[in-house]
Amino acid sequence: MRSRYSAYVLRLTDYLMATWHPSSRPDSLELHDNHTWLGLSVKRHRILDADHAEVEFVARFRHGGGPASRLHERSRFIREEGRWLYLDGQIDPGP
């Protein structure tokens, strides 16, 4: 999760696409030039089994010169051939 956040900060589209599971990966990814990422807080992680995990996080960012915003997501990851891949996520997950 931390490496994907760093890739968003550095706008490393190739890395983001390479760490996204093929079943849910978009055909292309366009990152916003006017997003300034302010920090990542991993709230919790849960290992479901040897090849499935969840990570709940809050990423703070500023769009343009506007006020700071938060992205709160519970992400699902799957391990294939020894690599963890982002599968999907639920934004603003409930309790």
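As a starting point, this report considers the structure included with it. None of the values given here were measured: they were computed from a predicted structure.

How each quantity is defined
- Residues numbered from 1 in each chain as written.
- Predicted model: local features only at pLDDT ≥ 70, side-chain atom pairs only at ≥ 80, totals over all residues.
- Heavy atoms only, no water.
- Phe/Tyr/Trp six-rings, centres within 6.5 Å; stacked < 30°, edge-to-face > 60°.
- Helix = DSSP H or I, 4+ residues; strand = E, 2+ residues; numbered from the N terminus.
- Buried < 20%, exposed > 50% of the residue type's maximum accessible area, 1.4 Å probe, protein only.
- Lys NZ or Arg CZ within 6 Å of the ring centre and 35° of its normal.

## A few points about the packing of aromatic side chains
Counting across every chain of the model gives five aromatic pairs. Measuring from ring centre to ring centre gives 5.9 Å for Tyr5 and Trp37, while their planes differ by 85 degrees; the resulting arrangement is edge-to-face. In this pair, Tyr5 is assigned in helix α1 (residues 2-10) and Trp37 in strand β1 (residues 35-49), connecting sequence segments 32 residues apart. Geometrically, the ring pair formed by Phe77 and Tyr86 is edge-to-face, given 5.7 Å between the ring centres and 75 degrees between the ring planes. Its relative accessible area of 8% is what places Phe77 among the buried residues. Taking relative accessible area as the criterion, Tyr86 reaches 12% and is therefore assigned buried. Residue placement shows Arg4 over the ring face of Trp20; its charged tip is 5.1 Å from the ring centre.

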